[in-house]
Amino acid sequence: MMAYCSTDSSPARASTMSSSTGHFISSLLELPAELIATILSFLTPIELARLSLICRKLYHHAADDIHWQRHVLSNLPGNKVQSPYPCKTWRELFVAHSQYWFLTKQKLWFCDRSLAGQMVIARYDPRRGCIEGYQLLATRSRDGSNPWGADDTVHIHDFEPDIKLHLDRPILQFDVDSLDNLMRISLSSSPDRTTRLPRRFFPEHPMRCSRGSDPRFSTFMLAKPLEEEDTAPHVERRFPYGLIWPPPAIPAAHRVLGHPADIAGGPTPDLLTSPQWRPINRTEVSDMTFRIRQWLELGPPTIGFHIGEDIVTYSTIDPVHYTPTPERPFRGIWVGDYSVHGCEFLLVKQPDVDEEEWRKPLPKLESESDGEFEARFLSERVYRGRLDAVKLTGDPNVPRGEYTFKVDELGEEGFVGIAQEPPFQGARIVKSHGHIAEHGFLNDQYIESQLIIISHNRLAQYWGDFGHISYFERVDIDQLLVP
């Protein structure tokens, strides 16, 4: 019946459908304005735009700023702005950044630049109506080490990281453009300058980043995700995994082809126009990846030339993978101390235990005290299963996208003991495997090591034969989202 109805194009059928649609619209408009607003609150921005084309009354309902305020704020986690300034309305603000809101919604981005990579925090500045992205940096406030009381041959490195954004040099920058100006541009592009043409889709946009005397130019490139069958052959390979980004150790809904210059060389015209690389319409655009193309411009704009062209591919992580829960409290974005390499950012993964009993709520027994229940909760829910740390930024030995350590089992099978000597007194110690390699990620291997669980926000890794202990600390991303 459904197939027959969808293919019948007879005049009678069309007339019936038109009459039915008209009756529905008429019935909808008879509802109180509050009910219409409630119904429209379930629509996406594109659905609101389509609804506004039906008639003038629905246009006014769909243009109600309460809907557009909700859509703007849904893309600004941790930054609940109070005004659409510098735009006149929330709708105008949403339209001005319609292709870029996914940057602030995902907020956290990491890239395939060289072996070190880079972390970027995307945020919205309500003072200027600007979407911007800055490199996330971590520095040690002091250097030094002290011998471990349990073994004088082992040194514990001091680690008090200072987390900040490199505000002097934006990686992303999109200034607000008024809706009136967008419409004016559209009208000036039409033959008669009175009929507004539909907005065209451009997969690449110039960025007007304020870089002072920096001669580099940048464009922002929307990306097209690969089909699953195209990514599968690369997952089983070794580094660099056929240039797939992000690499398989990092969970991702979308993967794309990267092209880091130090590995693959400069981009070619065939690459830039490849159907696996460039989306041709909005439905093909990934909201989990993007690229930035950069080059050096030498000489006057009319006769100069550009050199050193490079394309950097960025990806993000679904917050479910780095948001801690009572049962998985170690999930998160962390920063670690890597001695001469400095500070590096990590994704600590603590996957759920694949057991039906583990997923059920753990009830407190009548005979249990609060302390006894907490101990049983830790034993049966928290200290169960794997814990792995993947580098989001790396170094010349172990690059971004590779595991830095693995814990096969947090429970009894991996339990080593409880630390008795300061500074780790009372901490749980479990078996782990530390990832090491020679310069250039050659001859990589895993060595026996131990993970010292100090708290849900601070860990330490004893690197076995290397004779040192380094710290890892959780990073609060949300504190960086408000300018």
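Remember, predicted model here, so these are calculated numbers, not experimental data.

## Comments concerning the overall build of the protein
Phase 1 of the analysis: Per the secondary structure count, the protein includes 14 helices and 22 strands.
Phase 2 of the analysis: Burial statistics for the protein: of 483 residues in total, 45% are counted as buried.
Phase 3 of the analysis: Long-range contacts, defined here as pairs at least 24 residues apart, represent 60% of the contacts in the protein between residues at least 6 apart.
Phase 4 of the analysis: When the accessible area of the protein is evaluated, it comes to approximately 25,200 Å², of which 54% is carbon and sulfur surface.

## Details of unusual backbone geometry
Phase 1 of the analysis: With omega at 10°, the peptide bond leading from Tyr-85 into Pro-86 counts as cis.
Phase 2 of the analysis: Here Pro-86 is to be found in the loop between α6 (65-74) and α7 (90-96).
Phase 3 of the analysis: Note the cis peptide between Pro-422 and Pro-423, where omega equals 10°.
Phase 4 of the analysis: For Pro-423, the location among the structural elements is in the loop between β18 (415-418) and β19 (428-438).

## Some remarks on a nonpolar patch on the surface
Phase 1 of the analysis: A surface patch of nonpolar side chains, about 240 Å² in accessible area, is lined by Leu-31, Leu-35 and Ile-39.
Phase 2 of the analysis: On the secondary structure map, Leu-31 appears in the loop between α2 (11-29) and α3 (33-40).
Phase 3 of the analysis: Classification of Leu-31 as partly exposed rests on a relative accessible area of 33%.

## A word on the side chain of Asn-397
Phase 1 of the analysis: With respect to the helices, strands and loops of the structure, Asn-397 is situated in the loop between β16 (387-391) and β17 (403-407).
Phase 2 of the analysis: A distance of 3.1 Å separates polar atoms of two side chains, one belonging to Asn-397 and the other to His-341.
Phase 3 of the analysis: The contact partners of Asn-397, leaving out residues within four places of it in the chain, are His-341, Ala-437, Glu-438, His-439 and Phe-441.

## As for the confidence of the model for the protein
Phase 1 of the analysis: Considering every residue of the protein, the mean pLDDT works out to 86; 87% of them sit at 70 or more.
Phase 2 of the analysis: A low-confidence stretch, residues 1-17 (pLDDT under 50), is modelled with two contacts involving residues beyond four sequence positions or located in other chains.

## A look at the environment of Glu-368
Phase 1 of the analysis: In this structure, Glu-368 sits in the loop between α13 (356-359) and α14 (370-382).
Phase 2 of the analysis: On the accessibility criterion, Glu-368 (13% relative accessible area) is buried.
Phase 3 of the analysis: In contact with Glu-368, other than residues within four places in its own chain, are Phe-373 and Arg-376.
Phase 4 of the analysis: Of the polar contacts made by the side chain of Glu-368, one reaches the backbone nitrogen of Leu-365; its length is 3.1 Å.

## Quick look at the packing of aromatic side chains
Phase 1 of the analysis: Per the stated rule, a full pass over the model turns up 21 aromatic pairs.
Phase 2 of the analysis: A ring pair is formed by Phe-102 and Phe-220, whose centres lie 6.5 Å apart and whose planes are at 45°; its orientation type is tilted. Note that Phe-102 is positioned in helix α8 (residues 101-106) and Phe-220 in strand β9 (residues 216-222), a separation of 118 residues in sequence.
Phase 3 of the analysis: For Phe-102, a relative accessible area of 12% corresponds to the buried category.
Phase 4 of the analysis: Exposure remark for Phe-220: the relative accessible area of 0% places this residue in the buried category.
Phase 5 of the analysis: When the ring of Tyr-338 is compared with that of Phe-472, the centres are 6.1 Å apart and the planes differ by 70°; the resulting orientation is edge-to-face. With Tyr-338 in the loop between β14 (332-337) and β15 (343-349) and Phe-472 in strand β22 (residues 468-474), the pair connects residues that are 134 residues apart, well separated along the chain. When sorted by exposure, Tyr-338 lands in the same class as Phe-472, which is buried.

## Examining the pattern of salt bridges
Phase 1 of the analysis: Here the structure, examined in full by the defined rule, presents 25 salt bridges.
Phase 2 of the analysis: Lys-391 is paired through a salt bridge with Glu-344; the nearest N and O atoms lie 2.9 Å apart. In this pair, Lys-391 sits in strand β16 while Glu-344 sits in strand β15, placing the two residues 47 residues apart along the sequence. Glu-344 matches Lys-391 in its accessibility class, with the two residues each being buried.
Phase 3 of the analysis: Between Asp-370 and Lys-364 there is a salt bridge, with the nearest N and O atoms lying 2.4 Å from each other.
Phase 4 of the analysis: Each of the salt bridges in this network shares a partner with another, and the network as a whole consists of Arg-123, Asp-125, Arg-127, Arg-128 and Glu-132.

## Some details on the pairing of strand β20 (residues 442-455)
Phase 1 of the analysis: The pairing of β19 with β20 spans ten bridges and is classified as antiparallel. When the sheet's bridge partners are listed, Ile-436 is paired in β20 with Gln-445.
Phase 2 of the analysis: Here β19 hands over to β20 after three residues, with Gly-440 in that stretch at a positive phi of 85°.
Phase 3 of the analysis: Strand direction decides the pairing type here: β20 and strand β21 (residues 458-462), joined by five bridges, are antiparallel. Looking at β21, one finds that Ile-452 is bridged to Ala-460.
Phase 4 of the analysis: Between β20 and β21, which pair antiparallel and follow one another directly, the connecting turn spans two residues.

## Focus on α6
Along an α-helix, residues three or four positions apart point the same way, because every turn accommodates 3.6 residues.
Phase 1 of the analysis: Burial in α6 covers these residues: His-67, Trp-68, His-71, Val-72 and Leu-73.
Phase 2 of the analysis: Buried residues along α6 sit in contact with α3, α4 (45-51), α5 (56-62), α7 and α8.

## A closer look at the environment of Gln-450
Phase 1 of the analysis: Tracing the sequence through the fold places Gln-450 in strand β20.
Phase 2 of the analysis: Measuring from C-alpha to C-alpha, the distance between Gln-450 and Gly-414 comes to 9.6 Å, with 36 residues separating the pair along the chain.
Phase 3 of the analysis: Contacts of Gln-450, omitting those with residues within four sequence positions, involve Val-416, Ile-429, Val-430, Ser-432, Ala-460, Gln-461 and Tyr-462.

## Some thoughts on the environment of His-321
Phase 1 of the analysis: Inspection of the secondary structure assignment puts His-321 in the loop between β13 (305-315) and β14.
Phase 2 of the analysis: Residue classification places His-321 among the partly exposed positions, given a relative accessible area of 31%.
Phase 3 of the analysis: Along the backbone, His-321 and Arg-331 are ten residues apart, and their C-alpha atoms lie at a distance of 6.7 Å.
Phase 4 of the analysis: Among residues more than four places away in sequence, those in contact with His-321 are Pro-251, Arg-331, Gly-332, Leu-347 and Val-348.

Here is what the cut-offs are and how they apply
Along each chain, numbering runs from 1 in the same order as the chain's sequence is written. In view of the model being predicted, local features appear only for residues whose pLDDT reaches at least 70, and side-chain atom pairs are presented and counted only at 80 or more, with totals across whole chains, interfaces and linings using the full set of residues. The basis for every side-chain value is the complete set of heavy atoms in the structure, and neither hydrogens nor water enter the calculation. By definition, any uninterrupted DSSP run of H or I lasting at least four residues is a helix, any uninterrupted run of E lasting at least two residues is a strand, and each is numbered from the N terminus. Each residue's exposure class comes from its accessible area (1.4 Å probe, protein chains only) as a fraction of the maximum for that residue type: buried when under 20%, exposed when over 50%, partly exposed otherwise. Any two residues whose heavy atoms approach within 4.5 Å are treated as being in contact. Using the Shrake-Rupley algorithm and a 1.4 Å probe, accessible areas are obtained, with residue cover drawn only from the displayed protein chains. Residues qualify for a patch when their relative accessible area is over 30% and they have no salt bridge, like charges being joined within 9 Å and the nonpolar side chains of Val, Leu, Ile, Met, Phe, Trp and Tyr within 5 Å. Basic side-chain nitrogens of Lys or Arg form a salt bridge, by our definition, when they fall within 4 Å of a carboxyl oxygen of Asp or Glu. The term polar contact refers here to a pair of N or O atoms within 3.5 Å; inside protein, the definition further demands a hydrogen-donor-capable atom paired with an acceptor-capable atom, and it admits residues adjacent in sequence only when both atoms are side-chain atoms. The quantity called pLDDT is the predictor's confidence in a given residue, expressed from 0 to 100. Only rings of Phe, Tyr and Trp enter the pairing, Trp through its six-membered ring, and a pair is recorded when the two centres are within 6.5 Å. The plane angle decides the type: under 30 degrees is stacked, over 60 is edge-to-face, the rest tilted. We treat two strands as partners when DSSP finds at least two bridges between them.

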